[in-house]
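Architecture and fold: a report
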2 protein chains.
Amino acid sequence: MASGPPVPPDVEEIKTAVNTALGRQPGTVLFTNARIVNVITGNIQDGPVLLAGRLIAGLGDAVRGATAREVVDLGGRWLAPGLIDGHVHLESSLITPGEYARAVVPRGVTGVVCDPHEIGNVSGVDGIRWFLRASDRLPLDVWIGVPSCVPSSPLETSGARLGLAEIASFLDEPRVVGVAEIMDFPGVLAAREEVLRKALLAETSRKVACGHAPLVRGQALHAYLAAGIRSDHETTEVEEGLEKLRAGCFLMIREGSISRNLSALATLVVSRHMDRIGFVTDDRLPNDLLEEGGVDVLVRRAIRQNVDPVLALRCATWNTARHFALSRRGAIAPGYLADLVVLDDLQEFRAGAVYKDGRLVADGGRLRADLPLPAAAGDAVRNTVHLPRLSAASFRLPAGPGQVRCVKLVPSQLLTELVWITPRTVGSEIVADPNRDIAKLACVERHGRRGTVGVGLVTGFGLRNGALASTVAHDHHNLMAVGATDDDILVASRRLAEMGGGFVVAAGGQVLADLPLPIAGLMSDLRLAEVRARLDRLDEAARSLGVRIPSPFMILSFLGLAVIPELRLTDLGLVDVMAGRLVPLGA
Amino acid sequence: MASGPPVPPDVEEIKTAVNTALGRQPGTVLFTNARIVNVITGNIQDGPVLLAGRLIAGLGDAVRGATAREVVDLGGRWLAPGLIDGHVHLESSLITPGEYARAVVPRGVTGVVCDPHEIGNVSGVDGIRWFLRASDRLPLDVWIGVPSCVPSSPLETSGARLGLAEIASFLDEPRVVGVAEIMDFPGVLAAREEVLRKALLAETSRKVACGHAPLVRGQALHAYLAAGIRSDHETTEVEEGLEKLRAGCFLMIREGSISRNLSALATLVVSRHMDRIGFVTDDRLPNDLLEEGGVDVLVRRAIRQNVDPVLALRCATWNTARHFALSRRGAIAPGYLADLVVLDDLQEFRAGAVYKDGRLVADGGRLRADLPLPAAAGDAVRNTVHLPRLSAASFRLPAGPGQVRCVKLVPSQLLTELVWITPRTVGSEIVADPNRDIAKLACVERHGRRGTVGVGLVTGFGLRNGALASTVAHDHHNLMAVGATDDDILVASRRLAEMGGGFVVAAGGQVLADLPLPIAGLMSDLRLAEVRARLDRLDEAARSLGVRIPSPFMILSFLGLAVIPELRLTDLGLVDVMAGRLVPLGA
């Protein structure tokens, strides 16, 4: 099954569609007795839909009496356009693009706009090229925004740097829709030339500069948008959303694994904004992807929150397609690609058969289409864990006078607090203190560039014994570890180096559980269900060591993100986020 | 006054806008006490609007307390985005693009999407290049769709041919928005490869293939749209419009001089279609342009027909800008170009001051901006009337047995009827018969290509004496004449050759009135008011010769258009439009 490139059909396909519409030749598929969901005009009409290969030749009264090689009687079920997710970091699901397609296509998702920001931070241009190859010819359209903020911060060591030239090198690709979320809003507000030029690159290519502006309002919002940035997906409050909509911003409402904004924002999904809202998932962890789904989650939940079902669908189809100028996508209309989902129940948005480019690709919740072989990957993608020479001594913290800074987890949030504590010491060293829930926190540069190691303390995991380590650590994706002993941090780190990245739980000098993520240290080659099972075993192993918080690896992966308050740790050391600088452990 | 090229602002302009929005530097203009018309979300908000050069830096609460070099107190008047006309044949107004700007900018029009179909038919690639130059750096954005149907018909001799290579040569131009109206819908429905490839050229350039599908409905409509054609501006009936909207077509509602469709279609302008309708003028004759205006006419009349004023404005701003992906145009929003119109009265849409790119360009109905010098034009544009050697004998019709075909005008319509008459003869010749309102009709090839002359008969002008001749004759723009005597047709034709094209009324061997149209035989160098005055004198002269119909030159200009039923005359002879072929005068 090949989706074919996301470019216009060729002239022979068009001829066939014209001749099929006019009844000069039979179609390939004729759906009869459909309730056709028209997301353009907001109505539902009964009638047939006629396909000519990849294309919709015609529908409704215009094709009554048409013939086709295959007739599919929908018996009054709904036929909707395939869903398009407007903003996804696919790496967060820990699987390849092909495996992602297997997960979401049976749910009625036929397109995703990805920001390969994570693999970009690890593998740079090579990583994005691999992502383009690995997402080609799937039964899912994978569009790409070029990551705009690699590295995200000067207070860390990333694996790559994407400057203006590197970003520009992707903008002529047909599957590239523009420049992805410009997270560096402080840079925009400081009128820093490089970031402004990144936004302009998208505009000069007639593509989209995407935004990321959490709680940015008032004059800051207007300044941010003046740069030509056209969307935001970080909105959390109704008034903030309304202000952004009025300022011309395309509002992407997000329901991720971590940030869930739909329930707060569903009241904005009304006819007044019917062309200005898109639905996105941003980040979906493997368990949520399996159990809840992809962007279909938003449609289902929006309807439950009393959004008109056709309007909810519009936000996940037509609006996103128009925002990104995705030709012939996002509606059931003549000449559009036949990306279609059959629904037993519109209110519940439960997908039955799914068609991509006119072919049945999924049914009964299972992918029917074959996936292409995995894309080949060179060392820049497959061999990305280059640790400095480590020993237990690498994680030592020399004792000093007075109190020290400690990262304090905030339950159910990505925020941390900076707390000052008097550490436990043994000899001349500061050590973990499980009785007070204080563990070592380490960040090891793993891109083979600086060989730097940051060490600090964290409270909140509940870890009594052993260590957890990960090569997923936003946004630099260095090796991040939390441990009760330096020895176990070392064991876990060495295992990560052997596996080429992933997640590990170790204790007593042994590895208790692991999940290899050999693709950039971020993604598995395994099937989603297997990934999820191994994550469960990792969580179980962590719990056996005393960890009380849910999703400890997800929490760990954000402890190095130097843009979320208050205290973080990168390979360069502790970062006081509010002060925007590296700080020592002590005063 | 230079509008600047219609590309993104440069990085210095953006920096200035960001810094101005944040209050770090004063703006260029601050409008206070405005009622800001927000066409995006459909509301009107009170507040200031702050400009930074060409750009809107911010508005409303976000810029309260801002300072600027110039403060303009609007005293509660409305501020709306400048209007954009989605489809115009500017040549129909008989003036240059600069003169067109003088006419429409003071009315609040700041952008037009032109189809230079007429000059394309006369002067080909050179004509369109001239049009691009002549419409550059005006206080009006002039966007261009590349004419798709040059020549329009094989039954005529045009001055040029625009094939795929010629069309493609324009598609990378920043001001080119796509391929203009694909009038050859029979070619599309016949799945003719060349016309399908023209539509695909637009799509592969990520631009728009525009449509023209009068009364095309049902399976023919779906077949037409399957070619990737995305709009229509020929709709005349509500049900037809609804069908097109549902099929995904962007519906352009037209109020031209000849075809006026708004009153029939205004009921379609409702919130359900709020993003799918654009307003266009198509063709506006000089008197209508002067007295009624450009696309502002549609806004005013739509409001009178009870369309919500902000929605009416949306159809002439935001929707058209989004349809053609006109970056930073069509709304009052941060980062958008400051193309603004001050309204004393929103209901009446009466423009006061007009700002283009942040500068005052018109006020009190008068253009304040200087226009650039006329664009230089070579022979392909300025020297286009190349008649064959003519004498009175060129227009002779030999008498034969039996009845002959005659073109019969239908009052107030462009349609003609084919009638059979017994002609008056003198000697061996058929001659005009003023007592029965039968005149000679001639079409002389004027592009210096074939030297062909078609001659026939016409009834309905009321001409008793003399002749009228024109080099405006859709779409081939050969010399078209109607006369009571061959001698006066000859006199008028010779005068046209001397003038390089235009309109002439001659009688008794003398020229009674004329209007030179030296640019491609289509457009004047004169001011609009002067053109209009000379047209009045031409009409008066025609009336003095017995002509009873209004706008005889407009009627004459359509008698050569071989696609409107029933009988037409081109330089190749009489065309039976329903039969689609040339026919002799006699049976």
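What this report covers is the structure whose coordinates are included nearby. These numbers were taken from a predicted model, which means no experiment stands behind them.

Overview of the interface of chain B and chain A
- Chain B puts 63 residues into the contact, and the matching count from chain A is 63 residues.
- Here chain B meets chain A over a buried area of about 5200 Å², counting both sides, of which 58% is carbon and sulfur.
- The interface formed by chain B and chain A contains 6 salt bridges.
- Salt-bridge contacts for Glu-203 of chain A lead to Arg-328 of chain B; the nearest nitrogen and oxygen are separated by 2.6 Å.
- Here chain B is connected to chain A by 24 residue pairs in polar contact (both at pLDDT 80 or more).
- Within the residue set of the side of chain B that touches chain A, elements represented by two or more residues are helix 1 (11–21), strand 3 (55–59), helix 5 (185–189), helix 6 (193–204), helix 7 (218–226) and helix 8 (238–246) of chain B.
- For the side of chain B that touches chain A, the leading source of residues is helix 1 of chain B, giving 8 residues.
- Split into classes, the residues belonging to the side of chain B that touches chain A amount to 31 nonpolar, 17 polar and 15 charged.

Considering helix 15 (residues 486–499) of chain B
All names here are of chain B.
- In a regular helix each residue adds 1.5 Å, so 14 residues correspond to 20 Å; helix 15 covers 20 Å between its end C-alpha atoms and thus fits that length.
- Taken together, the buried positions of helix 15 are Asp-486, Asp-488, Ile-489, Leu-490, Ala-492, Ser-493, Leu-496 and Met-499.
- Structurally, helix 15 contributes buried residues whose contacts are with strand 22 (429–431), strand 23 (438–444), strand 25 (467–470), strand 26 (479–483), strand 27 (502–507) and strand 28 (510–516).
- Remark: Gly-500 follows helix 15 within two positions and exhibits a positive phi of approximately 75°.

Digging into the packing of aromatic side chains
- Applying the stated criterion across every chain yields a total of 6 aromatic pairs over all chains.
- Taken together, a centroid distance of 4.9 Å and an interplanar angle of 85° make the contact between Phe-31 of chain B and Tyr-355 of chain B edge-to-face. Here Tyr-355 of chain B lies in strand 15 (residues 350–356) and Phe-31 of chain B lies in strand 1 (residues 27–38), a separation of 324 residues in the sequence. The same class applies to Phe-31 of chain B as to Tyr-355 of chain B, namely buried.
- Directly above the ring of Trp-78 of chain A sits Arg-35 of chain A, whose terminal nitrogen or CZ lies 4.5 Å from the centroid.

What to know about the nonpolar core
- Ranked by internal contacts, the top residues of the largest apolar core, which has 363 residues, are Phe-31, Leu-140 and Phe-279 of chain A together with Phe-31, Leu-140 and Phe-279 of chain B.
- If sequence neighbours within four positions are ignored, Phe-31 of chain A has contacts with Gly-47, Pro-48, Val-49, Leu-51, Val-72, Leu-74, Leu-79, Leu-340 and Tyr-355 of chain A.

Some thoughts on unusual backbone geometry
- In this model, Val-150 of chain B is joined to Pro-151 of chain B through a cis peptide bond whose omega is -5°.
- Note that Pro-151 of chain B resides in the loop between strand 8 (141–146) and helix 4 (164–168).
- The peptide bond linking His-474 of chain B to Asp-475 of chain B adopts the cis configuration, its omega dihedral lying at -10°.
- Tracing the chain through its elements places Asp-475 of chain B in the loop between strand 25 and strand 26.
- With a phi angle near 60°, His-477 of chain A is a residue other than glycine that sits in the positive phi range.
- Its location among the elements puts His-477 of chain A in the loop between strand 25 (467–470) and strand 26 (479–483).
- At Arg-328 of chain B, a residue that is not glycine, the phi angle is positive and equals roughly 65°.
- With respect to the helices and strands, the residue Arg-328 of chain B is situated in the loop between helix 13 (318–323) and strand 14 (340–345).
- For Arg-328 of chain B, a relative accessible area of 8% corresponds to the buried category.

Focus on the pairing of strand 30 (residues 573–576) of chain A
Residues and elements named next belong to chain A.
- Examined bridge by bridge, strand 29 (residues 567–570) and strand 30 share 4 bridges and lie antiparallel to one another. Each bridged residue has a counterpart across the sheet, and for Thr-570 the counterpart in strand 30 is Gly-573.
- Counting the residues between successive antiparallel strands, the hairpin from strand 29 to strand 30 contains 2 residues.
- By the bridge criterion, 3 bridges tie strand 30 to strand 31 (residues 581–583) in an arrangement that is antiparallel.

Regarding the sheet that holds strand 11 (residues 231–232) of chain B
Residue and element names in this part refer to chain B.
- One open sheet holds the 3 strands; their spatial order is 11-12-13, and the pairing between them is parallel. Of all the strands in the sheet, the pair left with one neighbour each is strand 11 and strand 13 (277–280).
- Across the sheet, helix 11 (residues 296–304) lies against strand 12 (250–254) and strand 13, angled at about 120° from strand 13, the strand it touches most.

Brief notes about the environment of Glu-348 of chain A
Residues and elements named next belong to chain A.
- Here Glu-348 is to be found in the loop between strand 14 (340–345) and strand 15 (350–356).
- On the accessibility criterion, Glu-348 (32% relative accessible area) is partly exposed.
- When the C-alpha atoms of Glu-348 and Ile-303 are compared, they prove to be 7.8 Å apart, with 45 residues separating the residues in sequence.
- Discounting residues that sit within four places of it in the chain, Glu-348 has contacts with Arg-300 and Arg-304.

So, how was this worked out
- Residues numbered from 1 in each chain as written.
- Chains lettered and ligands numbered in written order.
- Predicted model: local features only at pLDDT ≥ 70, side-chain atom pairs only at ≥ 80, totals over all residues.
- Heavy atoms only, no water.
- Contact = heavy atoms within 4.5 Å.
- Buried area = accessible area lost by both parts, 1.4 Å probe.
- Salt bridge = Lys/Arg side-chain N within 4 Å of Asp/Glu carboxyl O.
- Polar contact = N/O pair within 3.5 Å; in protein donor to acceptor, adjacent residues only side chain to side chain.
- Helix = DSSP H or I, 4+ residues; strand = E, 2+ residues; numbered from the N terminus.
- Nonpolar A, V, L, I, M, F, W, Y, C, P; charged D, E, K, R; others polar.
- Expected span 1.5 Å × (residues − 1).
- Buried < 20%, exposed > 50% of the residue type's maximum accessible area, 1.4 Å probe, protein only.
- Phe/Tyr/Trp six-rings, centres within 6.5 Å; stacked < 30°, edge-to-face > 60°.
- Lys NZ or Arg CZ within 6 Å of the ring centre and 35° of its normal.
- Core = buried A, V, L, I, M, F, W, Y, C linked by side-chain atoms within 4.5 Å.
- Pairing = 2+ DSSP bridges.
- Axes fitted to C-alpha atoms, helices over the stretch in contact; angles between N-to-C directions.

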